[in-house]
Amino acid sequence: MKFKDNYYRLVGVRNEGAHSLFSIALLPDCELYRGHFPGDPVCPGVCSIELIRQCAECLEREPLFIHRIKQCRFTVLLSPVTCRELTVDLFLSPFGEEESVIVSARICDEQNVYVEFKSEMLKKGRTISG
Amino acid sequence: MDLEDIKQFIPQREPIIMVDRLVRVAAEEAVTSLVVRDTLCFVNETGCLSEPGLIEHIAQSASAFAGYAARAAGATKPPVGYIGEVKKFHCYRLPECGEELFTTIAWGPEVGGVRIVSGETRAADEVVAETQMKIFTR
Amino acid sequence: MTREEIIEKVNNLLSEEFEVDLGELTPDANIKETLALDSLSLVDLVALVQQNYKIKIPVADLPSIQTFNDLYNYIESHLPA
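Here goes a summary of the coordinates provided. (Residues numbered from 1 in each chain as written. Chains lettered and ligands numbered in written order. Predicted model: local features only at pLDDT ≥ 70, side-chain atom pairs only at ≥ 80, totals over all residues. Heavy atoms only, no water.)

### Let's talk about the interface of chain B and chain C
Worth spelling out the cut-off: Contacts are assigned to residue pairs with any non-hydrogen atoms lying within 4.5 Å of each other. Defined in terms of a 1.4 Å probe, buried area is the accessible area two parts forfeit on being brought together, summed over both. In the sections that follow, a salt bridge refers to a side-chain nitrogen of Lys or Arg positioned within 4 Å of a carboxyl oxygen of Asp or Glu. Pairs of N or O atoms are called polar contacts if they sit within 3.5 Å, as long as, within protein, a hydrogen donor faces a hydrogen acceptor (for residues adjacent in sequence, only side-chain-to-side-chain pairs). Comment: elements are numbered from the N terminus, with helices defined as DSSP H or I runs of at least four residues and strands as E runs of at least two.
The partner chain C presents 13 residues to the 11 residues of chain B that form the contact. For the pair chain B and chain C, the summed buried area comes to about 910 Å², and 65% of that belongs to carbon and sulfur atoms. Scanning the region where chain B abuts chain C turns up 3 salt bridges. With its nearest N and O atoms 3.5 Å apart, the salt bridge here joins D44 of chain C to K87 of chain B. The interface formed by chain B and chain C holds 3 residue pairs in polar contact (both at pLDDT 80 or more) in total. Secondary structure elements with two or more residues in the side of chain B that touches chain C: β3 (81-91), β4 (100-111) and β5 (114-123) of chain B.

### Re the pairing of strand β3 (residues 65-74) of chain A
All names here are of chain A. Using the following cut-off: Throughout this description, buried means an accessible area under 20% of the type-specific maximum (1.4 Å probe, protein chains only), exposed means over 50%, and partly exposed covers the range between. The criterion for strand pairing is that DSSP finds at least two bridges linking the strands in question.
Of all the 10 residues making up β3, 7 are buried; the element is thus mostly covered by neighbouring parts of the structure. Note that β3 and strand β6 (residues 113-122) share 8 bridges and pair antiparallel. Bridging from a neighbouring strand, C72 pairs with F117 of β6.

### Regarding helix α1 (residues 51-72) of chain B
All names here are of chain B. Basically, it comes down to this: Helix span, expected: 1.5 Å multiplied by one less than the number of residues in the helix.
For α1, which comprises 22 residues, the first-to-last C-alpha distance of 32 Å matches the rise-based estimate of 32 Å (1.5 Å per residue) to within 8%. Burial analysis of α1 places 17 of its 22 residues in the buried class, the great majority of the element. At the C-terminal side of α1, G74 shows a positive phi close to 100 degrees.

### A short note on the pattern of salt bridges
For the structure on display, the rule yields 20 salt bridges over all chains. As a salt-bridge pair, R14 of chain A and E16 of chain A come within 2.8 Å of each other at their nearest N and O atoms. For R14 of chain A, a relative accessible area of 48% translates into the label partly exposed. Between R53 of chain A and E51 of chain B there is a salt bridge, and its shortest N-O distance comes to 2.8 Å. Here the residue R53 of chain A occupies a position in helix α1 (residues 45-60), and E51 of chain B occupies one in helix α1, the pair thus bridging two chains. Taking the relative accessible area as the measure of exposure, R53 of chain A reaches 1% and is therefore buried. Exposure remark for E51 of chain B: the relative accessible area of 0% places this residue in the buried category. Shared partners join several salt bridges into a network, and the residues in it are R73 of chain A, E85, K87 and K134 of chain B together with E17, D38 and D44 of chain C.

### Concerning the packing of α1 of chain A against α1 of chain B
Put simply, the test is: Angular values range over 0 to 180 degrees, each being the angle between N-to-C directions of two axes fitted as lines to C-alpha atoms, with helices fitted over their stretch in contact. For classification purposes, an angle smaller than 35 degrees is called roughly parallel, one larger than 145 roughly antiparallel, one from 65 to 115 roughly perpendicular, and anything else oblique. Crossings are classed by handedness, with left-handed meaning an anticlockwise turn of the near helix from the far one by less than a right angle and right-handed meaning a clockwise turn. Three residue categories are used. Nonpolar comprises Ala, Val, Leu, Ile, Met, Phe, Trp, Tyr, Cys and Pro, charged comprises Asp, Glu, Lys and Arg, and polar comprises the others, including Gly.
As a packed pair, α1 of chain A and α1 of chain B sit with axes 9 Å apart at the nearest point and diverge in direction by 165 degrees. Comparing the axis directions of α1 of chain A and α1 of chain B gives the class roughly antiparallel. Note on packing geometry: the crossing formed by α1 of chain A with α1 of chain B is right-handed. Along its contact with α1 of chain A, which presents V46, I49, E50 and R53 of chain A, the element α1 of chain B presents E51, P52, I55 and E56 of chain B. Looking at the contact of α1 of chain A with α1 of chain B residue by residue, the class counts come to 4 nonpolar, no polar and 4 charged.

### Quick look at the environment of F42 of chain B
Secondary-structure assignment places F42 of chain B in the loop between β2 (29-35) and α1. As for F42 of chain B and M18 of chain B, which are separated by 24 residues in sequence, their C-alpha atoms are 8.8 Å apart.

### Digging into the packing of aromatic side chains
Cut-off, in case you're wondering: Pairs were defined over the aromatic rings of Phe, Tyr and Trp, the Trp ring being its six-membered one, requiring ring centres within 6.5 Å. Orientation was assigned from the angle between planes: stacked under 30 degrees, edge-to-face over 60, tilted for the rest. Lysine and arginine charges are scored as sitting over a ring when NZ or CZ, respectively, is within 6 Å of the ring centre and within 35 degrees of the ring normal.
Counted according to the given criterion, the structure contains 7 aromatic pairs over all chains. Among the aromatic residues, ring-to-ring pairing joins F3, Y7, Y8 and Y33 of chain A into one connected group. K9 of chain C extends its terminal NZ or CZ atom over the ring of Y53 of chain C, reaching a point 4.9 Å from the ring centre.

### Observations regarding the sheet that holds strand β2 (residues 19-26) of chain A
With antiparallel pairing, the 12 strands of this open sheet are ordered in space as β1(A)-β2(A)-β4(A)-β5(A)-β6(A)-β3(A)-β3(B)-β6(B)-β5(B)-β4(B)-β2(B)-β1(B). A strand with exactly one partner marks an edge of an open sheet, and here the two such strands are β1 (8-16) of chain A together with β1 (21-25) of chain B. Here the strands of the sheet are splayed against their neighbours by 25 degrees on average, with no regard to which way each runs. Strand direction decides the pairing type here: strand β4 (residues 85-95) of chain A and strand β5 (residues 100-108) of chain A, joined by 9 bridges, are antiparallel.

### A look at the pairing of β5 of chain B
Residues and elements named next belong to chain B. With 9 bridges connecting them, β4 and β5 associate as antiparallel partners. Bridge assignment links F102 to a residue of β5, and that residue is R122. Turn length for the β4-β5 hairpin, with the two strands adjacent in sequence and antiparallel, is 2 residues, and the turn residue G112 shows positive phi of about 60 degrees. Pairing geometry for β5 and strand β6 (residues 126-137), over 10 bridges, is antiparallel. What sits directly across from R115, in β6, is I135. Linking β5 back to β6 in an antiparallel pair, the connection comprises 2 residues, with A124 at a positive phi of about 50 degrees.

What follows is the structure, encoded as structure tokens:
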């Protein structure tokens, strides 16, 4: 399934200190909502993880492989019907000898924090260093 | 109970069903399977099942186990469960189309509707991903 | 296992799992506040005791475990023989 411009649309990016803030529009017509769940569209938690990865790839300008997720909390349920525009607040820090990057992220809007995420992602495309 | 029709056990429907079969069920453990194919939602452009796809597969495997247990206790519809938290997820490699995944789900304690689950996914007897998760039912 | 050994082991486990300094785990401190437990992480406490001491804490017993001292007492009195 195509993700960018099918599940979400990137509206804009701005920096705030060391953080990058991506404003994102959720697209309610995405086909996955037909099955998640019939008559009750709910954003799958894993789609928030994919969204964070793609924002991090924007900053790093290369593919990133989600090698480890230390913790990812889905604190409030997300739905494309009730929440049309989101902010992905990203903070990247290098880890190891430039092999990987620590991605800390939050997905929120004015009312809620929906996701808190901390992961180690590997650069150098999709190869795995073990 | 016929284990073949996975839709009895999970609330998700096409195109986001990420479990083929409930292979084996025991008191606190179950095994599911999934053949990686390009019709799956989370197969990326390189023809591999993505990391989020593996997590969703493990979550739906846990949901199938919960659905089986609910049906065995007389429920008519599978319970709708959500991922509350993913913890200590580790992905070793991305499985390719054609590979068959076998995932073992182990039940942990449950408090206040939040259950700890651990999952390990193997392809050709080699671990491709493992994680801990919290599933809560609304 | 003596009480002192229980306290030391439990505190080390809690400090690592919930990323809290050992110094904060004083006997009369409230567990939920000190470890910042919420509906999602409360079950981690139950899992930690179950994995490390083979003690299943029934949900009904949870209200009686408010301070770390309560936890030490609960473990001490429920340790499998």
